[in-house]
Amino acid sequence: MAKKGRVFSGARPTGRQHLGNYLGAIKNYVAMQNDYECVYCIVDVHALTTVETTQELKQNTFEMALDWLAAGIRPEESILFVQSHVPEVMELHTYLSMVTQFGKLTDLPTFKEKVRQQPENINYGLVGYPVLMTADIVLYKTDVVPVGIDQAPHIEFAREIVRSFNYRYKTKVLIEPQVKHTEVLKVVGLDGKDKMGKSLNNHIELASTPEETVKRVKEMVTDPARLRRTDPGNPDICNVFTMHKLFSPQEEVDMVNTECRKAGIGCVDCKLRFANNLNKHLEPFRAKRAELASNPNNIQDILNDGAKRARAIAQQTMVEVREAMQLP
Ligand code: SF4
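Calculation criteria
Residues numbered from 1 in each chain as written. Predicted model: local features only at pLDDT ≥ 70, side-chain atom pairs only at ≥ 80, totals over all residues. Heavy atoms only, no water. Axes fitted to C-alpha atoms, helices over the stretch in contact; angles between N-to-C directions. Helix = DSSP H or I, 4+ residues; strand = E, 2+ residues; numbered from the N terminus. Parallel < 35°, antiparallel > 145°, perpendicular 65-115°, else oblique. Contact = heavy atoms within 4.5 Å. Salt bridge = Lys/Arg side-chain N within 4 Å of Asp/Glu carboxyl O. Buried < 20%, exposed > 50% of the residue type's maximum accessible area, 1.4 Å probe, protein only. Near = heavy atom within 4 Å. Nonpolar A, V, L, I, M, F, W, Y, C, P; charged D, E, K, R; others polar. Domains from an automatic or database assignment. Buried area = accessible area lost by both parts, 1.4 Å probe. Polar contact = N/O pair within 3.5 Å; in protein donor to acceptor, adjacent residues only side chain to side chain. Phe/Tyr/Trp six-rings, centres within 6.5 Å; stacked < 30°, edge-to-face > 60°. Bend = angle between axes of the 7 residues up to and from the residue. Left-handed = near helix turned anticlockwise from the far one by under 90°.

### Section: the packing of helix 3 (residues 57–71) against helix 14 (residues 296–325)
Then, number 1: Interhelical geometry of helix 3 versus helix 14 gives an angle of 85° and a closest axis separation of 11 Å. As far as their axial angle goes, helix 14 and helix 3 are roughly perpendicular. Residues Phe62, Ala65, Leu66 and Leu69 of helix 3 form the contact with helix 14, whose own contacting residues are Pro296, Ile299, Ile302 and Leu303.

Written out as structure tokens, the structure is:
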């Protein structure tokens, strides 16, 4: 079946992936392979804007690739590669930076947020982050970028940079990427309030053992009004129930919905049921992951092959870019 175009998406190497990553991105990456030619990039260079040591970068990249592949990224169809393995992106980033106004970059809410988060390390790379992101996208002649509604302005900014470049050099060589709105689930962590993430240690890793998963689920915060087993609860405000809806069979969801409200089920039992359903859901993922992990060289080969294919596209784009710029 003919594909609808090329999709690009990148994510920082954060190591072993958690449920938030899975529901918010990976699941969608896997599904998009059916309709699009997909280019998925582990953006290690972007990570350098915030990390101070690169000690764990390699391992985190490996673990992330492992999880993506185990979850269903098909490397024989999609291109899976590491950003720094295609150095052309740095060159394009430099050229694009010449057509991007500095003031616009420093005005972006994402930059201001980073300044608040790491006032000790406001580096040049941090300012140019959206330019590098644009280079990532356009280098691979991307048609669409999947983003949640809140990230759409980033792509609009990338489109502006592309227009600026094409206008300056009177060319159409760079393609303005289109936004593909995806429903990005905001997965709440074990604390029941913040977004699931490693930095808050409120996450459940996909690759945890079933026992570790049960232990983590037991830590989940439930309806705070339910102090005693005999108190009725409200599943509508309970994160365990939200998770049930994502991983449990409908009859069990209905049962929890009814019984919780009349204290017919206790939170311990309810969590255990969810943990068991989650473990069941993750069984094939974990089996595939173990199989892949038994041959680490294979993961490296997949990433090398992805870089080779990505680079072939990138080199062609750069020939056209340099020609358009009339570089000597
Ligand atoms: Fe939440 Fe389940 Fe407890 Fe109800 S019974 S408050 S849904 S954990």
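### Regarding the pattern of salt bridges
Then, number 1: For the structure shown, the criterion picks out 23 salt bridges.
Then, number 2: The salt bridge partner of Glu252 is Arg273, with a shortest N-O separation of 3.2 Å. With Glu252 in helix 12 (residues 250–261) and Arg273 in helix 13 (residues 267–293), the pair connects residues that are 21 residues apart, well separated along the chain.
Then, number 3: Between Asp269 and Arg273 there is a salt bridge, with the nearest N and O atoms lying 3.5 Å from each other. Linking Asp269 with Arg273, this pair stays in helix 13, spanning four residues, or about one helical turn.
Then, number 4: Using a relative accessible area of 30% as the deciding quantity, one classes Arg273 as partly exposed.
Then, number 5: Each of Glu156, Arg159, Arg163 and Glu176 takes part in salt bridges that share partners, so that together they form one network.

### A few points about the site of the ligand
Then, number 1: What surrounds the ligand is the set Thr222, Asp223, Arg226, Cys238, Val240, Phe241, Val256, Cys260, Cys267 and Cys270.
Then, number 2: Residue assignment for the shell around the ligand shows that the elements contributing at least two residues are helix 11 (239–247), helix 12 and helix 13.
Then, number 3: Considered class by class, the residues forming the shell around the ligand number seven nonpolar, one polar and two charged.

### A short note on the domain arrangement of the protein
Then, number 1: The domains assigned to the protein are domain 1 (6–187 + 295–325) and domain 2 (210–289).
Then, number 2: The straight-line distance from the C-alpha centre of domain 1 to that of domain 2 is 35 Å.
Then, number 3: Between domain 1 and domain 2, the residue contacts involve 12 residues of the former and eight residues of the latter.
Then, number 4: Interface area, domain 1 with domain 2, both sides summed: about 860 Å², of which 69% is carbon and sulfur.
Then, number 5: Linking domain 1 with domain 2 are two salt bridges.
Then, number 6: A salt bridge links Arg289 to Asp67, with the nearest nitrogen and oxygen atoms 2.4 Å apart.
Then, number 7: The interface formed by domain 1 and domain 2 includes two residue pairs in polar contact (both at pLDDT 80 or more).
Then, number 8: For the side of domain 1 that touches domain 2, the secondary-structure elements that each account for two or more residues are helix 1 (19–32) and helix 3.
Then, number 9: In terms of residue count, the dominant contributor to the side of domain 1 that touches domain 2 is helix 3 (six residues).

### Some thoughts on the packing of aromatic side chains
Then, number 1: Counted by the stated rule, this structure contains six aromatic pairs.
Then, number 2: Taking the centre distance of 5.2 Å and the plane angle of 85° together, the rings of Tyr29 and Trp68 count as edge-to-face. Remark: Trp68 occurs in helix 3 and Tyr29 occurs in helix 1; sequence separation between them is 39 residues.
Then, number 3: Under the relative-accessibility criterion, Tyr29 is labelled buried at 6%.
Then, number 4: Using a relative accessible area of 1% as the deciding quantity, one classes Trp68 as buried.

### Focus: helix 13
Then, number 1: Of all the bends in helix 13, the greatest reaches close to 45° and is centred on Leu282; the proline Pro284 follows between one and four positions later.
Then, number 2: Residues of helix 13 that are buried include every one of Cys270, Lys271, Phe274, Ala275, Asn277, Leu278, Asn279, Leu282, Phe285, Arg286, Arg289 and Leu292, and no others.

### Quick look at unusual backbone geometry
Phi is mostly negative for residues that are not glycine, and the peptide bonds are mostly trans.
Then, number 1: Its identity is not glycine, yet Lys170 carries a phi of approximately 45°, on the positive side.
Then, number 2: Positionally, Lys170 belongs in the loop between helix 9 (152–168) and strand 5 (178–181).
Then, number 3: Residues other than glycine seldom take positive phi values, yet Gln326 does so here, at roughly 55°.
Then, number 4: Within the fold, Gln326 resides in the segment after helix 14.

### Concerning the packing of helix 4 (residues 88–97) against helix 8 (residues 129–139)
Then, number 1: Direction vectors running N to C along helix 4 and helix 8 enclose 120°, while the axes themselves pass 8 Å from each other. The angle between helix 4 and helix 8 falls in the class oblique. As for how helix 4 packs across helix 8, the hand of that crossing is right-handed. Residues Glu88, Val89, Leu92, His93, Leu96 and Ser97 of helix 4 pack against Val131, Leu132, Thr134, Ala135, Asp136, Val138 and Leu139 of helix 8.
Then, number 2: For the contact of helix 4 with helix 8, the per-class residue count stands at eight nonpolar, three polar and two charged.

### Describing the side chain of Thr213
Then, number 1: Tracing the backbone through its elements, the reader meets Thr213 in helix 10 (residues 210–218).
Then, number 2: Of note is the side chain of Thr213, whose polar atom sits 2.9 Å from the backbone oxygen of Thr209.
Then, number 3: The residues touching Thr213, leaving out its near neighbours within four places in the chain, are Ile204, Ser208, Leu278, Asn279 and Arg286.

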